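Each chain, letter by letter, is given below.
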Amino acid sequence: MKFSEQLQLYMTELGVSSRELAREAGISESALSRYRSGERTPSSDEERLHRLADALIRTATVSDIPYSGEEIFRNFNGILGRGLLVPYEVYLDNLHQLLEVMGIRSNELAKELSFDPSYISRILSGKRRPAELRSFNTQVVSLICRKSREQGLNGILAELLRIPADQFTDEEQREAAVLNWLGSNAEKDAARPIRHFLREMDGFSLDDYSREVRLDEFRAPATTRVNLPKRKICFGMASLMEAELEFLRMSAANRSEEPVFLFSDISVLDKARDPDFRRRWMLGVLAILRRGLRIRIIHDMNRPMPEMFLVLETIIPLIMTGQIDSYYLLRHHGDVFSHKLWISGSVVLMGEALSGYPREGMYTLTNHTAELRYAKKRAKRLLEQSAPLMQIYRDEERIRLLKDEKDIYLRGSRRLLCSFLPITALTDQEIDRYLERAGLEPEWRAAIQKRVEYRKKMMAALLREYHMRLDIPNLTEEEFKKRPVSLTFADIGKDIVVDYSYEEYWAHLEATKRMGEEYKNLEIVTGPGLSLRNVNLQLVFGQSVILSKSHAPLVCFVIKHPNLVRTIEEFISNRSDGRGRKDET
């Protein structure tokens with residue numbers, strides 16, 4: 001069946017009109033008319049296809065709807081022959097996970113598939129898509145299965161695909177299972193949003209971000225006064241989304257210097273599927289930050305973890321500006337109603353809906369003095385019942401982190417996944433040589449040496465009582481040339497980065513391995529790592545997660561929320577050891 005025929009069938013069965021469907025899907029009526037006539041089909045943007053499928057359900061007028069939005073999407077996707085049953089971003093995360101588990105690096109993938117390495121690099125970074133996705137997937141799967149067979153990794157691959165090993169012996173079956181998992185089934189993997197979150201954090205540059213949004217050019221208070229009707233009532237999700245954008249615009253344009261307060265436990269998935277709304281929402285938040293205003297967000301930690309990491313991924317770049325404060329409620333607040341409470345100095349957006357039915361909610365956008373005063377009091381009480389979602393140490397604040405480490409670090413065993421090697425593995429002479437290369441004067445070099453010495457003492461004290469596993473990247477010379485790593489002093493709270501040669505990197509790697517001989521409680525494991533370059537992830541089992549970014553900016557997040565810690569702990573614990581080895585040198 002053609003796409004146009006299937007679309008017309010759905011519209012007829014569900015009693016959907018063209019005007020309502022076009023409005024809900026965010027497309028023009030003329031574009032929808034061309035879809036129905038077969039003159040054209042939706043582009044390769046899975047988000048648009050998702051919106052069209054969901055809009056068919058939202059605008060249905062029949063009493064008993066026989067389909068779900070996801071079923072319609074899968075049917076559309078199959079008809080269009082794209083070979084994917086998940087959004088492309090999910091597919092890309094699945095591909096990264098598969099390559100990571102099998103220990104296949106990008107240069108090896110390019111060589112095996114006879115592609116230019118830069119082409120593969122752009123695919124893996126999401127900058128472009130394979131020209132022939134089905135053919136590309138077939139080649140990838142063939143490589144995976146051959147490597148699995150030749151290197152005895154069938155057990156690891158079977159575990160990833162959740163298939164019993166005794167049912168994983170037939171080559172044809174194995175290839176079919178991998179292909180299916182790559183294109184659809186990996187949505188069940190709870191680690192997917194964590195990987196995506198880490199990659200986004202690793203590639204983020206505050207310098208580039210600030211230049212792009214021109215944060216430093218908009219610090220003066222706004223001088224325009226914005227008039228708003230005393231009260232505007234909104235019904236449904238589409239109306240709420242427009243009200244959110246209006247709230248952000250008003251908050252940025254008003255003269256008030258009060259912080260902006262945001263709390264909502266309403267699902268964000270509808271908004272996440274609308275790229276135009278995400279773009280406009282981000283521009284609205286940036287307009288507030290350009291004013292120099294602080295934003296205080298209370299997060300709903302009762303969301304599904306994939307949705308929570310989607311929220312974190314959105315706000316992490318904003319947190320790095322230093323103007324965002326994140327909190328979570330200490331008590332569970334119930335499952336019957338969902339609430340929204342957004343407040344700035346001049347306007348409030350508040351409302352509620354039954355949990356799971358945000359499209360049936362009612363929301364009020366108002367600048368009425370009494371309602372504004374009432375909402376601000378509610379926000380104050382909510383903050384009193386909240387705790388910081390994470391401790392954030394930026395730039396020189398990491399001096400304070402070194403002092404706080406006795407509480408954060410010296411209480412339990414841990415695992416550290418490194419993208420950059422520990423500065424504590426180097427001798428005083430090596431450190432001084434690198435600092436001199438960085439152009440630092442002798443007195444500054446001496447002060448930094450004291451910090452390194454303090455760090456070494458803390459590590460020795462830790463390893464007298466607790467076990468630490470250190471996963472370090474073992475890069476080939478070819479990989480190093482393509483994506484070089486640098487020597488960083490982030491471990492001691494200094495934003496100093498020194499480029500070094502592959503020989504110097506290798507000497508640093510060997511020095512790190514020798515630490516395993518010095519400390520009996522230190523386990524050194526080498527392998528391809530997490531494909532990161534700027535982020536180290538440390539888990540103190542059952543207690544906290546420490547995410548350290550080495551530069552642009554130098555920042556450390558200490559997460560203690562039990563659900564987030566548990567989710568990341570499961571992600572780390574489930575990483576297969578088949579890709580690395582304990583170093584015995």
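Quick notes on the rules
- Residues numbered from 1 in each chain as written.
- Predicted model: local features only at pLDDT ≥ 70, side-chain atom pairs only at ≥ 80, totals over all residues.
- Heavy atoms only, no water.
- Helix = DSSP H or I, 4+ residues; strand = E, 2+ residues; numbered from the N terminus.
- Buried < 20%, exposed > 50% of the residue type's maximum accessible area, 1.4 Å probe, protein only.
- Contact = heavy atoms within 4.5 Å.
- Salt bridge = Lys/Arg side-chain N within 4 Å of Asp/Glu carboxyl O.
- Pairing = 2+ DSSP bridges.
- Axes fitted to C-alpha atoms, helices over the stretch in contact; angles between N-to-C directions.
- Parallel < 35°, antiparallel > 145°, perpendicular 65-115°, else oblique.
- Nonpolar A, V, L, I, M, F, W, Y, C, P; charged D, E, K, R; others polar.
- Polar contact = N/O pair within 3.5 Å; in protein donor to acceptor, adjacent residues only side chain to side chain.

J.: How should the overall build of the protein chain be read in this particular structure?
T.: For the protein chain, the count of helices and strands is 24 helices and 18 strands. For the protein chain, buried positions account for 54% of its 585 residues. Taking as baseline every contact in the protein chain between residues at least 6 positions apart, the subset at least 24 positions apart corresponds to 78%.

J.: What am I meant to see in unusual backbone geometry here?
T.: Excluding glycine, most residues fall at negative phi; most peptide bonds, likewise, are trans. One non-glycine residue, serine 114, adopts positive backbone phi at about 60 degrees. You can see serine 114 is positioned in the loop between α7 (106-113) and α8 (117-124). Overall, the relative accessible area of 65% leaves serine 114 in the exposed class.

J.: Please clarify how the pattern of salt bridges should be interpreted in this entry.
T.: Opposite charge on two side chains permits them to pair, given that their charged atoms come into close proximity. Scanning the entire structure with this criterion turns up 22 salt bridges. Measuring nitrogen to oxygen at the nearest pair gives 3.6 Å for the salt bridge that ties arginine 280 to glutamate 242. Pair noted here: arginine 280 is in helix α16 (residues 275-290) and glutamate 242 is in helix α14 (residues 236-253), with a separation of 38 residues, a long-range link. Given the relative accessible area of 32%, arginine 280 is considered partly exposed. Residue glutamate 242 is classed as partly exposed on the basis of its relative accessible area, which comes to 42%. Several salt bridges share partner residues, and in doing so they unite Glu20, Arg23, Glu24 and Arg58 into one network.

J.: Before we go on, may I ask you to explain the environment of tyrosine 374 in this structure?
T.: By the secondary structure assignment, tyrosine 374 is in helix α18 (residues 369-384). Along the sequence, tyrosine 374 and valine 348 sit 26 residues apart, while their C-alpha atoms lie 9.9 Å from each other.

J.: What's the story with the sheet that holds strand β5 (residues 337-343) in this structure? I'm lost.
T.: One key point about sheets: their strands pair by backbone hydrogen bonds, in either a parallel or an antiparallel sense. Strand order in the open sheet formed by eight strands is β1-β7-β6-β5-β2-β3-β4-β8, with mixed pairing between adjacent strands. What marks the edges here is a single partner per strand, and that holds for β1 (231-235) and β8 (386-388). Direction aside, the axes of adjacent strands within the sheet are offset by 20 degrees on average. Pairing of strand β4 (residues 324-329) with β8 involves three bridges; the strand directions are antiparallel. For leucine 329, the partnering residue across the bridge sits in β8 and is serine 386. Against the sheet, α16 contacts β2 (260-264), β3 (295-299), β4 and β5, and its axis sits at roughly 135 degrees relative to β3.

J.: Help me understand the packing of helix α1 (residues 3-14) against helix α3 (residues 29-37) in this model?
T.: Direction vectors running N to C along α1 and α3 enclose 110 degrees, while the axes themselves pass 6 Å from each other. By the angle class used here, α1 and α3 are roughly perpendicular. Residues Phe3, Ser4, Leu7, Gln8 and Met11 of α1 form the contact with α3, whose participating residues are Leu32, Tyr35, Arg36 and Ser37. Residues that form the contact of α1 with α3 fall into these classes: five nonpolar, three polar and one charged.

J.: How do you make sense of the environment of threonine 567 when you look at a structure like this?
T.: Here threonine 567 is to be found in helix α24 (residues 562-573). Residues threonine 567 and isoleucine 194, spaced 373 residues apart in sequence, show a C-alpha to C-alpha distance of 8.7 Å. Filtering out sequence-adjacent residues up to four positions away, threonine 567 remains in contact with Ile194, Met305 and Phe309. Looking at threonine 567, its side chain comes within polar contact range of the main-chain oxygen of asparagine 563, at 2.8 Å.

Purely geometric numbers; function is a separate question.
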